[in-house]
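# Working through the structure, step by step
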Amino acid sequence: NAGVTQTPKFRILKIGQSMTLQCTQDMNHNYMYWYRQDPGMGLKLIYYSVGAGITDKGEVPNGYNVSRSTTEDFPLRLELAAPSQTSVYFCASSYRTGVGETQYFGPGTRLLVL
Amino acid sequence: GIQVEQSPPDLILQEGANSTLRCNFSDSVNNLQWFHQNPWGQLINLFYIPSGTKQNGRLSATTVATERYSLLYISSSQTTDSGVYFCAVGDTGTASKLTFGTGTRLQVTL
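These lines cover the structure that appears in this document, whether it is placed above or below. (Residues numbered from 1 in each chain as written. Chains lettered and ligands numbered in written order. Predicted model: local features only at pLDDT ≥ 70, side-chain atom pairs only at ≥ 80, totals over all residues. Heavy atoms only, no water.)

The tally for this structure, following the rule as stated, stands at two disulfides over all chains. For C23(A), the disulfide goes to C91(A), at an S-S distance of 1.8 Å. Across the disulfide from C23(A) to C91(A), rotation about the S-S bond amounts to roughly -70°, and the bridge is consequently left-handed. You can see C23(A) sitting in strand 3 (residues 19-25) and its partner C91(A) sitting in strand 9 (residues 87-97), a full 68 residues away along the chain. Comparing C23(A) with C91(A) shows no difference in burial state: the two are buried. Between the sulfur atoms of C23(B) and its disulfide mate C87(B) the distance is 2.0 Å. Its torsion about the S-S bond being -60°, the disulfide of C23(B) and C87(B) is classed as left-handed. Taken together, the residues span a long stretch of sequence, with C23(B) in strand 3 (residues 19-25) and C87(B) in strand 9 (residues 83-91) at a distance of 64 residues. (Disulfide = S-S within 2.5 Å. Helix = DSSP H or I, 4+ residues; strand = E, 2+ residues; numbered from the N terminus. Buried < 20%, exposed > 50% of the residue type's maximum accessible area, 1.4 Å probe, protein only.)

Laid out in structure tokens, this is it:
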């Protein structure tokens, strides 16, 4: 299994441009998440999904949109990029068993908005 | 929202030393996870531990939910343990919406 994959690894955007960050998991997990990590900080939840067709906002959703048409894919859309969106973006997926949960993270996408 | 505080913020150890990292949280939780972010940025789940004690090799964790804290123990540290350790808490609910602390940055030297 490849686990959670993200593309691109790094991107520079100009202010006002748009882009889609791709996330794919091959573990058949129902739950998927998008986080952002600013320098020296912990991760903050942007959006999450509990299954295909179901998404909801996290702590910092403004300026972003998501969709979940399949179990495997959970793309994050940035509209009208702003310097405040310069960050590292992590996608994660998880499953639950009777004894708990494990979140698996992708390698991250580093985004610079100039 | 729930607040998560981790201490110490930075820690430098010599290889072979032991350490204890602490996570305090401001409200009741039924989901608590510890993660390690290596120097290349990759995040690895270490423990799911909303209460009790777990061990995995040289790492162990204890959560005292009634007192709202969790401890991560690293024994016989190795240079590969370097990185940032995050505690994240939340409510399982319909999805694990986690709130992360700001982390403990660990550097293990030879």
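So, about the nonpolar core. The biggest cluster of nonpolar side chains holds 20 residues, and the ones touching the most others in it are W34(B) and L72(B). Only strand 3, strand 4 (31-37), strand 5 (43-48), strand 7 (59-64), strand 8 (69-74), strand 9 and strand 11 (104-109) of chain B provide two or more residues apiece to this core. (Core = buried A, V, L, I, M, F, W, Y, C linked by side-chain atoms within 4.5 Å.)

With 21 residues of chain B in contact, the opposing surface of chain A contributes 21 residues. Buried area between chain B and chain A, summed over both chains or domains, comes out near 1,700 Å², and the portion from carbon and sulfur atoms is 53%. The largest per-residue losses of area from chain B upon contact with chain A belong to L43(B), S96(B) and F100(B), which jointly make up 27% of the total buried on that side. Our count for the chain B to chain A interface comes out at zero salt bridges. Run the count over chain B and chain A and you get two residue pairs in polar contact (both at pLDDT 80 or more). The dominant element in the side of chain B that touches chain A, judged by the number of residues it contributes, is strand 4 of chain B, at four residues. Across the side of chain B that touches chain A, the residue classes break down as seven nonpolar, twelve polar and two charged. (Contact = heavy atoms within 4.5 Å. Buried area = accessible area lost by both parts, 1.4 Å probe. Salt bridge = Lys/Arg side-chain N within 4 Å of Asp/Glu carboxyl O. Polar contact = N/O pair within 3.5 Å; in protein donor to acceptor, adjacent residues only side chain to side chain. Nonpolar A, V, L, I, M, F, W, Y, C, P; charged D, E, K, R; others polar.)

Glancing now at the sheet that holds strand 6 (residues 52-56) of chain B. Hydrogen bonding along the main chain pairs the strands of a sheet, whether they run parallel or antiparallel. Residues and elements named next belong to chain B. Spatial ordering of the open sheet is given by 1-3-8-7-6, a layout of five strands whose pairing is antiparallel. Pairing within the sheet leaves two strands with one partner each, and these edge strands are strand 1 (4-7) and strand 6. Averaged over all neighbouring strand pairs, the angle between strand axes comes to 15°, with direction disregarded. (Pairing = 2+ DSSP bridges. Axes fitted to C-alpha atoms, helices over the stretch in contact; angles between N-to-C directions.)

Residue and element names in this part refer to chain A. Among the seven residues of strand 4 (residues 31-37), seven are classified as buried, and the element is accordingly described as predominantly covered. In strand 4, alternate side chains face the same way, and those of Y31, Y33, Y35 and Q37 on one face and M32, W34 and R36 on the other are all buried. Relative to strand 9, strand 4 runs antiparallel, the two being bridged by seven bridges. In the strand pairing of strand 9, Y35 is matched with F90. Pairing analysis gives six bridges linking strand 4 to strand 5 (residues 43-51), with the strands arranged antiparallel. Residue pairing in the sheet places W34 in a bridge with Y47 of strand 5.

All right, on to the layout of surface pockets then. Of the voids in this model, the largest pocket is the one considered here, and its volume is about 570 Å³. Every residue lining the largest pocket is counted, 31 residues in all, and those nearest its centre are Q37(A), V88(A), R110(A), Q37(B) and G41(B). Looking at the lining of the largest pocket, the elements with two or more residues in it are strand 9 and strand 11 (109-113) of chain A together with strand 9 and strand 11 of chain B. Take the lining of the largest pocket: its biggest share by element is four residues, from strand 11 of chain A. Per-class residue counts for the lining of the largest pocket are 13 nonpolar, 13 polar and five charged. The volume enclosed by the second largest pocket comes to roughly 360 Å³. Around the second largest pocket, the lining is made up of 18 residues, and of these K44(A), E59(A), I2(B), T99(B) and F100(B) lie nearest the centre. Here the lining of the second largest pocket takes four residues from strand 10 (residues 97-100) of chain B, the largest share from any one element. When the residues that make up the lining of the second largest pocket are grouped by side-chain class, the tally is seven nonpolar, seven polar and four charged. (1 Å grid on protein atoms, 1.4 Å probe; cavity = no way out; pocket = protein on both sides within 12 Å on 5 of 7 lines; lining within 4 Å. Points joined across faces, edges and corners; volume = space filled by probe spheres on them.)

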